[in-house]
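Chain by chain, the residues run as shown.
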Amino acid sequence: MTQPEKSVVGKNVTKVDAFKLARGEAVYTDDFRPDGMLYAKVLRSPHAHARILSVDVSKALEFDGVVDVIWHQDVKAILHTRAGQSYPEPSPYDTVVMPEKARFIGDRVAVVVAESLVVAQRALELIEVQYEELPAITDMDEALTRTDVLIHETPDPRGISQAGKSNLAASIDKQVGDVDAALKTCDHVVQRVYTLPRVQASHIEPHISMAWVDEDQRLVVRTSTQVPFHLRRMLARILEMPEAKIRVIKPRVGGGFGDKQELVVEDLVSILALRTKRPVRLEFTREEELIAARYRHPQRITMTTGVMNDGTMVANRMRVLADTGAYGSHALTVQGNTGQKVLPMYPAANIHFQVECVYTNNPISGAFRGYGAPQGCFALERHMDEVAKALGMDRLELRKMNHIKLGDTDPLSAKLGEGKEGLVRVVNSTGLEEGIRLGCDAIGWNKPRPASQPHLKRGLGMALAMQGSGIAGVDWGAATVKLNDDGSVNLFVGATDIGQGSDTVLAQMCAEELGIACEQVQVLSSDTDLTPFDVGAYASSTTYISGGAVIKAAAKVREQLADVLAGPWECDPGAIVFAHGKASAPGGQSMTMQEVAMFAFYKAMIQPMATESHMSNDSPPPFAAQFADVEVDQETGRVYLRKFVSTVDCGTVIHPRLVQGQIEGAVAQGIGYALFEEVLLDRRGKVLNPNFLDYKIACTLDMPEMETILVETDEPSGPHGAKAAGEVPIDGPAPAILNAICDAVGVSLFQLPATAERVWRVCRDAEQ
Ligand code: SMO
């Protein structure tokens, strides 16, 4: 059956949740307050490394309004990972609900649950804890070399980390060709070290969960999460409960950015609800977000690149030392991405990727939009400018000459994968060349403008980025499409809208397949009792993976309807077309979708409905070419970002305005990474700036003139030709901006963020 031209996909339809969000309806986790709800609060360790010898909770329990207090004696120690990943998770099992040993300043020591938040907070002060302080390691290099102090003593049951032997949480060593041998043949070898800070996702809605036991004695968890189904599976393990007894509900989510691809508070509210038989709520304060949630991993990356005089890249080595902090969830996979999503940009014959990710007694690193790629992209793209400088070659030409092209393979992908190895990636769609051309035009690459004032220096910078669309061979999702007798449709997806707009994009794909308007699609996402499985919102997977499931399920329903109509219409079901809210046959017969539905329900007596699953062995890379125009005040080090241009190839665009929103939001976070953001720790591992006064994220007033150009391609493996868009645009801003600063003032910066003080120091040192 030939469906007509697209009428919903590619259009800026109204976001399906726009009105309720704009009206301030009760849609988020916290908007629901069951009767008799209790408030939980966590007592956190003041020591970076200490045994928790005893916890005296008697005074707290006597305090009026306190209902329960738990510590490690009350909770069975079952090793698990809190990373929300497909089973078997590639992250080490190094975590228990309540540890007997605190591993960072902020680790869980006890949890109070009380009638009010004020009481819970006050009761924390009444808990008496005896600690045995242990030597703490807060430095990555020290963690790597010292074996006399082990942060995790119990061997990882699955052997993923080196727990019990060293402080190595994860390591990777993969090579294509022979870099050492190749470097000897190169005209130039350029080696530099790049330093990446600890930054926090800073989603506006904090981590918040509530749990209660329902009338069937089942545990219900309402939570702000990216991974409802992984959570249900993890909770079943931790609580030693059948999954069937657990229901996880994800309402609207006010941002996650990877920080909610993790079990952060759900275990505590679950345990406390089961103990107290009352609803329990736990919400992080902003201070807790900056201490006890997750960070983008701090890394130190050494790039060693061998090139010939003409600019041909022959060998490229990336060596990563990363700090996972006290626990190792996402340690292997984030660091894996640092190379896997980045090094293929320049497919040299010899590529070597090495990772050492260590446990320290610092707060915990984890998933954050880009998932390791922003660090790697900063190092590689800043390094490309350094290589160009060493060669005396134009940095744009160097990139053009070496970047990955249509039909190129990514040999590293065969050696690296999340749990599954051996899937070679081939680039079947790329708009990178066009993006570079359009971006250069938009920023004025070949005609740089003079500085606006005499004391400022002006410069331009660029960066190329690629990411993936889901995890090849691992990510999958399912969708259920159910027709109602008024011709409307319910779309049930486990896919997790966390504000990015995936419900809208999935509704568009469903509507397109059935030839109905988007308003006729009612989306439910996600509830483990009601919606089919999906891995959740991470790895830029939802449009590409879950979208594939939606299209299959909707097409199945369309076929069911065609079968119903083919009899009375005496035609081939394949000849019936569904478009513009109607079904029509070549013989001229026609019915509105409502008439079709009424016919199906009350004549044919069937429920048109289908559930379909989708996975992909491919993870086609979206591409971005990003450009920055800056002015720098050498006297103060202040950077003025004048203009930022992003060109992004995310395949076919399903919803232009939502993609633009994804890109501009990512650029904003990238600007913060480039210029302001850094969680500062003292030598003891204590966070010094756990608030938005001292930890600066980029806000509206920090935004430059922004231009966003969508370079459409048609990805053969994607739904309607779509690839991912959520992560790739966060990779390029930091290197593009720093390259622009370096261009402006003629120095080299190797560290993020480029604060005024750092820029000033580098300029001053260059003068001396
Ligand atoms: S950083 Mo995302 O949840 O893959």
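Residues numbered from 1 in each chain as written. Predicted model: local features only at pLDDT ≥ 70, side-chain atom pairs only at ≥ 80, totals over all residues. Heavy atoms only, no water.

Counting through the fold element by element, S540 comes out in the loop between β23 (521-524) and α15 (542-569). Using a relative accessible area of 14% as the deciding quantity, one classes S540 as buried. Side chain to side chain, S540 and E727 meet in a polar contact 2.8 Å long. Not counting residues within four places of it along the chain, the set of residues in contact with S540 comprises Q467, G468, S469, G470, A724, G726 and E727. (Helix = DSSP H or I, 4+ residues; strand = E, 2+ residues; numbered from the N terminus. Buried < 20%, exposed > 50% of the residue type's maximum accessible area, 1.4 Å probe, protein only. Polar contact = N/O pair within 3.5 Å; in protein donor to acceptor, adjacent residues only side chain to side chain. Contact = heavy atoms within 4.5 Å.)

All right, on to the side chain of H352 then. Inspection of the secondary structure assignment puts H352 in strand β17 (residues 350-359). Beyond its immediate sequence surroundings of up to four residues, H352 is in contact with D173, K174, Q175, V179, N316, R317, M318 and L343.

This part is about the domain arrangement of the protein. Domain annotation for the protein reports domain 1 (18-27 + 476-615), domain 2 (32-134 + 204-255 + 260-292) and domain 3 (295-471 + 618-767). On a C-alpha basis, the centres of domain 1 and domain 3 stand 38 Å from each other. Listed by partner, the interface residues are 17 residues for domain 1 and 20 residues for domain 3. Counting across the domain 1 and domain 3 interface gives five residue pairs in polar contact (both at pLDDT 80 or more). (Domains from an automatic or database assignment.)

The omega torsion across Y87 and P88 is -5°, close enough to zero to call that bond cis. Secondary-structure assignment places P88 in the loop between β3 (66-71) and β4 (101-102). Note that the residue after L752, namely P753, is joined by a cis bond; omega there is -10°. Its location among the elements puts P753 in the loop between α18 (733-745) and α19 (756-767).

Counted under the stated rule, the structure contains 52 salt bridges. Put simply, D141 and R300 hold a salt bridge, and the shortest N to O gap is 2.9 Å. Here D141 is found in helix α4 (residues 140-145), whereas its partner R300 is found in strand β15 (residues 299-307), with 159 residues between them in sequence. Across the salt bridge formed by E705 and K643, the nearest N and O atoms sit 3.6 Å from each other. Taken together, the positions of E705 in strand β30 (residues 705-710) and K643 in strand β29 (residues 639-649) put the pair 62 residues apart, joining distant regions of the chain. Under the relative-accessibility criterion, E705 is labelled partly exposed at 47%. Each member of the salt-bridge network shares a partner with another, and the members are K15, D17, R252, D497 and D503. (Salt bridge = Lys/Arg side-chain N within 4 Å of Asp/Glu carboxyl O.)

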